[in-house]
Amino acid sequence: MIKINLTPKEYIDRMERSILIAKIALGGFVFAGIILSLSIWQFTRATALEIELSSKNLEYNNLKEDVKKAEEIKAQINEINNYISAIEKITKGRYLYVAFMQDLNNNLPETMWFTGVQTKGSGENLQVNINLNSNSLYDVAWWISFLEKNERTKDISVGNINVSEGAQTNVYSLPLGFSYAYR
């Protein structure tokens, strides 16, 4: 079957032109709507970011004072730590000789005495040389054993034992050396 269009060509051209104009107008409205909605979205986002920035700036200004206080406290802590370390440096070796003399005399048997005690300090250690006299060889052995078991004395060296015979008792004398470490 053959189709015949009896509508005049100018009318069809006008309709096609109107449809084309309507399509362009619709596309323009859609494009304008998209641009408008994107602009509104960007504007609200920018406004929200400005509000957040102002709140963060306010919080930063409030925290700036706290940071300043914290730095002052840190400076005070450092000053106190410097003071404590200075006191520790002063008192570090102060009790070494006190502890040494207490350890030396507290456990010394009654039959023993010293004719000379020489010490040479090096840091927290003392190098000790003692001239020891005793009326009892058993007490000498016990005291040397005590020194060997003591955690503060190390490297014990015993020299030759000399015996001086007396009228009532014998006197045993010997040199003794060891390293003393106060911990």
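Residues numbered from 1 in each chain as written. Predicted model: local features only at pLDDT ≥ 70, side-chain atom pairs only at ≥ 80, totals over all residues. Heavy atoms only, no water.

Novice: Describe in detail the pairing of strand β2 (residues 125-134), supporting the description with residues and values.
Specialist: Relative to β2, strand β1 (residues 112-122) is paired through 10 bridges, and the arrangement is antiparallel. Bridging from a neighbouring strand, Trp113 pairs with Asn133 of β2. Counted between consecutive antiparallel strands, the loop separating β1 from β2 contains two residues, among which Gly123 sits at a positive phi close to 75°. Direction of pairing for β2 relative to strand β5 (residues 170-181): antiparallel, over a ladder of 10 bridges. (Pairing = 2+ DSSP bridges. Helix = DSSP H or I, 4+ residues; strand = E, 2+ residues; numbered from the N terminus.)

Novice: So what about empty space enclosed by the protein? Which residues, and what values?
Specialist: The full count for this structure, using the stated rule, is one cavity of 30 Å³ or more. Size it by volume and the largest cavity reaches roughly 40 Å³. If you go around the largest cavity, the residues you meet are Phe100, Asp103, Leu104, Phe146, Leu147, Asn150, Thr153, Phe178 and Tyr180. Listing elements by their share of the lining of the largest cavity, those giving two or more residues are α2 (96-106), α3 (137-149) and β5. The greatest single-element share of the lining of the largest cavity, amounting to three residues, is contributed by α2. (1 Å grid on protein atoms, 1.4 Å probe; cavity = no way out; pocket = protein on both sides within 12 Å on 5 of 7 lines; lining within 4 Å. Points joined across faces, edges and corners; volume = space filled by probe spheres on them.)

Novice: I'd like a description of the nonpolar core, backed by residues and values.
Specialist: Formed by 18 residues in total, the largest nonpolar core has its most connected members in Trp143, Phe178 and Tyr180. For this core, the elements supplying multiple residues, two or more each, are α2, β2, α3 and β5. Aside from chain neighbours lying at most four places away, what touches Trp143 is Leu104, Asn107, Leu108, Pro109, Met112, Phe114, Ile130, Leu132 and Leu176. (Core = buried A, V, L, I, M, F, W, Y, C linked by side-chain atoms within 4.5 Å. Buried < 20%, exposed > 50% of the residue type's maximum accessible area, 1.4 Å probe, protein only. Contact = heavy atoms within 4.5 Å.)

Novice: Mind laying out the packing of aromatic side chains, listing which residues take part and the relevant values?
Specialist: Across all of its chains, the model carries two aromatic pairs by this definition. Note on Phe114 and Trp143: the rings are 6.0 Å apart at their centroids and 55° apart in plane angle, and the pair reads as tilted. One end of the pair, Phe114, is in strand β1; the other, Trp143, is in helix α3, with 29 residues separating them in the sequence. Look at Phe114 and you get partly exposed, because its relative accessible area is 22%. Look at Trp142 and Phe146: their rings are 5.6 Å apart centre to centre, the planes differ by 10°, and that puts the pair in the stacked class. Of this pair, Trp142 and Phe146 both sit in helix α3, four residues apart, roughly one helical turn. Judged by its relative accessible area of 37%, Trp142 falls in the partly exposed class. By relative accessible area, Phe146 is classed as partly exposed at 23%. (Phe/Tyr/Trp six-rings, centres within 6.5 Å; stacked < 30°, edge-to-face > 60°.)

Novice: Tell me about α3, residues and numbers included.
Specialist: Each α-helix turn comprises 3.6 residues. Residues three or four places apart therefore point the same way. Under the 1.5 Å per step criterion, the end-to-end length of α3 is 19 Å for 13 residues, consistent within 8% with the ideal 18 Å. Here α3 has its buried residues at Asp139, Val140, Trp143, Ile144 and Leu147. Down the axis, α3 shows its buried residues gathered within 135° of arc, on one side only. Across from the buried face of α3, at angles greater than 90 degrees, the exposed residues are Tyr138, Glu148 and Lys149. Packing partners of the buried residues in α3 comprise α2, β1, β2, β3 (153-158) and β5. The distance from a side-chain oxygen at the start of α3 to the backbone nitrogen of Tyr138 is 3.3 Å, and the residue carrying that oxygen is Ser136. (Expected span 1.5 Å × (residues − 1). Arc of directions from axis to C-beta. Polar contact = N/O pair within 3.5 Å; in protein donor to acceptor, adjacent residues only side chain to side chain.)

Novice: I'd love a proper account of a nonpolar patch on the surface, names of residues and values included.
Specialist: On the surface, a cluster of nonpolar side chains totalling about 500 Å² of accessible area is made up of Leu26, Val30, Ile34, Leu38 and Trp41. Mapped onto the elements, Val30 comes out in helix α1 (residues 9-91). Val30 sits in the partly exposed class, given a relative accessible area of 46%. (Patch = residues over 30% accessible without salt bridge, like charges linked within 9 Å, V, L, I, M, F, W, Y side chains within 5 Å. Areas by Shrake-Rupley, 256 points an atom, 1.4 Å probe, with all protein chains shown as cover. Salt bridge = Lys/Arg side-chain N within 4 Å of Asp/Glu carboxyl O.)

Novice: I'd love a proper account of unusual backbone geometry, names of residues and values included.
Specialist: Positive phi outside glycine occurs at Asp155, with the angle close to 55°. We classify Asp155 as exposed; its relative accessible area is 64%.

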